[in-house]
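Coordinate inspection notes
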Amino acid sequence: MFSAQTYQNRRAVLKNNVSGGVLLFPGNIENPVNFEHNPYYFRQDSTFLYYFGIQEPKIAAVIDLDEDKTIIFGDELSIDDIVWMGRQETLKDKSLKSGVQETRPYAELSVYIQKAMTSGRKVHYLPPYQSVNKILLGDLLNIKIAALQPSTEFIQAIVKQRSVKEEQEIVQIEEAINVSNEMHLLAMRMAKPGVKEYEIANAIQHLAADRKCQMSYPPIVTINGGILHNHYRMNTLKSGDLFLNDSGAETAMGYAGDLTRTFPADKKFTTKQKEVYEVVLNAFNNAQQILKPGIRFKDVHLKACLYLTEGLIDLGLMKGNPEDAVKNHAHTLFFQCGLGHMMGLDVHDMEDLGEQYVGYTEQEPKDTKTFGLKSLRLGKAVEAGYVLTVEPGIYIIPELIDMWQAENKNADFINYDKVNEYRDFGGVRVEDDFLITNDGYRLLGNGLIKTVEEIENYRA
Ligand code: GLY
Ligand code: MN
């Protein structure tokens, strides 16, 4: 945990940014795999971690703005629990480390919320994502789950605060990234024809566990890099394959890293692989260079799209005027997603609170319809203290090519004959994590090799 003062300060800021009522923070529970006492790995809710730091299932917190009270609701271990699990630090002591003096039994949460509601006070809550917390909120508030109405004021106050990282959070994030760097170097050493994808995935997870880290998301370790979130890991690498590793560690305190590297199963890139890789790397470098406070991330995304398009025109896969091609979204045949996302306590930071609130503004809302832009998680102007990823890619998806070609879609900008020569190419993505600083940006972590030369030399 950070110091008690940290959590007290964070809560003090939050209290000033919400007008009144009761702020409700249900923590996460241990979800059962196949029966209640055989749970999945427990991960505390990130907003709960941010304001309270306690990694304990089945607790909840309330900040009562009207009565100026902060209470943690949860049950101390019973003697049966202690027989089963051993003695542990009490919830009371954990709460004190979070700067919270008052704890009450979990059952009293519903009494507290009922009382607040009957006295006409507003109960603010966030969009629940765990089924149990949906049920809990429905029960506490006496409404059907479908009728739950998370508090926009509460969401916006949290997004504003969590978006700008404290120095001690940057230290945590860099710790996660540096472990992620090690994971990627290990994958680069292991990957060669004959090795299985799952062997590499297992090894990098083992390394992270040795560093007391979890995964910040299920690793994408694949020879089918054209599939954006491929989780199938049974393939054997063979000569000629491109291998994509999108994986990141999460520190014990919950902070994420998120990196992607792509390289050949063989020691050297083929000419074709190298050409496409250089196009992606060029877009990456140029996008990174324009990061600074005030720049709209949507403009950085579109700039990267332009560089990708220019590169694809040079390779003969696209044609025509690159600006016009991007305006017509022709590049989305190859780059179907967004350039990046916020990162922090979540790999897609605060995505549970809603992309519209985290990545966009009321004046410039998210484009939820246009292919490509609808997958851009961050569009608004960035500020000093934001941590975000830059991750351009080129993804060859045969089904998408067939669909577009059947419709003759964007035929002024796509050389379908040439594109079909790349049908089994797979995909390339390069991803690093950046801090927006007062005058620009800073690459987070110690840096991970990424040029063709660096990768080939490392794997020689
Ligand atoms: N690294 C996974 C993602 O950004 O979606
Ligand atoms: Mn990412």
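Refer to the structure above for everything that follows.
Attention in this report is confined to the structure presented alongside it. Just so you know, these numbers come straight off a predicted model, no measurement behind them. (Residues numbered from 1 in each chain as written. Chains lettered and ligands numbered in written order. Predicted model: local features only at pLDDT ≥ 70, side-chain atom pairs only at ≥ 80, totals over all residues. Heavy atoms only, no water.)

**Focus on the pattern of salt bridges**
A side chain of one charge can pair with a side chain of the opposite charge if their charged atoms are brought near each other. A full pass over the atoms with the stated rule returns 29 salt bridges. Measuring nitrogen to oxygen at the nearest pair gives 2.9 Å for the salt bridge that ties Asp-246 to Arg-429. Note that Asp-246 is positioned in strand β8 (residues 242–247) and Arg-429 in strand β13 (residues 427–429), a separation of 183 residues in sequence. Looking at Asp-246, the relative accessible area reads 5%, which means it is buried. Note that Glu-421 is salt-bridged to Lys-418, the shortest N-O span being 3.8 Å. Overall, Glu-421 belongs to the partly exposed group, its relative accessible area being 48%. (Salt bridge = Lys/Arg side-chain N within 4 Å of Asp/Glu carboxyl O. Helix = DSSP H or I, 4+ residues; strand = E, 2+ residues; numbered from the N terminus. Buried < 20%, exposed > 50% of the residue type's maximum accessible area, 1.4 Å probe, protein only.)

**Focus: the coordination of the manganese ion (ligand 2)**
Around the manganese ion (ligand 2), the protein contributes the donor atoms Asp-258 (OD), His-341 (NE2), Glu-391 (OE) and Glu-431 (OE), which lie 2.1 to 2.3 Å from the metal centre. Counting residues between consecutive donors of the manganese ion (ligand 2) along the chain gives the motif D-x82-H-x49-E-x39-E. On the criterion of sequence distance, the pair formed by Asp-258 in the loop between β9 (249–250) and β10 (259–264) and Glu-431 in the loop between β13 and β14 (432–437) is long-range, its members being 173 residues apart. On the basis of relative accessible area, Asp-258 is assigned to the buried category, the value being 3%. (Donors = N, O, S within 2.8 Å, 3.2 Å for Na, K, Ca; no water.)

**Re the pairing of strand β15 (residues 440–443)**
As defined by bridge partners, β14 adjoins β15 across four bridges and the pair is classed as antiparallel. Residue pairing for β15: Ile-436 is matched across the bridge by Tyr-441. Hairpin connection, β14 to β15: the antiparallel pair is bridged by two residues. (Pairing = 2+ DSSP bridges.)

**Let's talk about the site of ligand 1**
The full set of residues close to ligand 1 is Tyr-217, His-229, Asp-246, Asp-258, His-341, His-348 and Glu-391. At 2.8 Å from a nitrogen atom of ligand 1 is found a side-chain nitrogen or oxygen belonging to Asp-258. In isolation ligand 1 exposes 200 Å². Once the protein is present, 96% of that is buried. Residues of the shell around ligand 1, tallied by class, amount to one nonpolar, three polar and three charged. (Near = heavy atom within 4 Å. Polar contact = N/O pair within 3.5 Å; in protein donor to acceptor, adjacent residues only side chain to side chain. Areas by Shrake-Rupley, 256 points an atom, 1.4 Å probe, with all protein chains shown as cover. Nonpolar A, V, L, I, M, F, W, Y, C, P; charged D, E, K, R; others polar.)

**Focus: the environment of Arg-429**
You can call Arg-429 buried: its relative accessible area is 3%. It is 18 Å that separates the C-alpha atoms of Arg-429 and Arg-233, two residues lying 196 residues apart in sequence. When residues no more than four places from it in sequence are discounted, the contact partners of Arg-429 are Ile-220, Leu-228, Leu-244, Asp-246, Thr-260, Arg-261, Thr-262, Val-280, Glu-391, Pro-392, Gly-393 and Tyr-395. There is a polar contact of 2.9 Å between the side chain of Arg-429 and the side chain of Tyr-395. (Contact = heavy atoms within 4.5 Å.)

**Things to note about unusual backbone geometry**
Although it is not a glycine, Lys-212 sits at a positive phi angle of roughly 65°. Among the secondary structure elements, Lys-212 is positioned in the loop between α9 (197–210) and β6 (214–215). In the Ramachandran plot, Asn-408 falls in the positive-phi region, its phi being about 55° despite a non-glycine side chain. Taking the relative accessible area as the measure of exposure, Asn-408 reaches 52% and is therefore exposed.

**Here we look at the side chain of Lys-94**
Within the fold, Lys-94 resides in helix α4 (residues 91–97). Filtering out sequence-adjacent residues up to four positions away, Lys-94 remains in contact with Met-1, Ile-54, Glu-56 and Glu-89.

**Some remarks on the packing of helix α1 (residues 4–17) against helix α7 (residues 152–163)**
Between α1 and α7, whose axes approach to 9 Å, the crossing angle comes to 135°. Put simply, α1 runs oblique to α7. By crossing handedness, the relation of α1 to α7 is classed as right-handed. Contacts from Arg-10, Val-13, Leu-14 and Asn-17 of α1 reach α7 at Glu-153, Phe-154, Ala-157, Ile-158 and Gln-161. The residue inventory of the contact of α1 with α7, partitioned by class, reads five nonpolar, two polar and two charged. (Axes fitted to C-alpha atoms, helices over the stretch in contact; angles between N-to-C directions. Parallel < 35°, antiparallel > 145°, perpendicular 65-115°, else oblique. Left-handed = near helix turned anticlockwise from the far one by under 90°.)

**Overview of the sheet that holds β8**
On the basis of which strands lie adjacent, the open sheet formed by three strands has the order β7-β8-β10 and antiparallel pairing. The open sheet has two edge strands with one neighbour each: β7 (220–222) and β10. Strand-to-strand twist of the sheet, defined as the mean angle between neighbouring strand axes without regard to direction, takes the value 10°. Here helix α8 (residues 167–190) sits on the sheet in contact with β8 and β10, set at roughly 15° to β10.

**Digging into the pairing of β14**
Buried residues dominate β14, accounting for six of its six residues. A two-sided burial pattern is seen for β14, the buried positions comprising Asp-432, Phe-434 and Ile-436 on one face and Asp-433, Leu-435 and Thr-437 on the other. In terms of strand pairing, strand β11 (residues 387–390) meets β14 through four bridges, oriented antiparallel. The residue bridging Leu-388 from the neighbouring strand is Phe-434, located in β14.

**Quick look at the sheet that holds strand β4 (residues 102–104)**
Whenever strands of a sheet pair, they do so through backbone hydrogen bonds, lying parallel or antiparallel. Overall, mixed pairing links the five strands, which are arranged β4-β3-β2-β1-β5 in an open sheet. Sheet topology places β4 and β5 (123–124) at the edges, where each strand pairs with a single neighbour. Where strand β1 (residues 22–26) and β5 come together, two bridges link them in parallel fashion. Each residue of the ladder has a partner; that of Leu-23, found in β5, is His-124.

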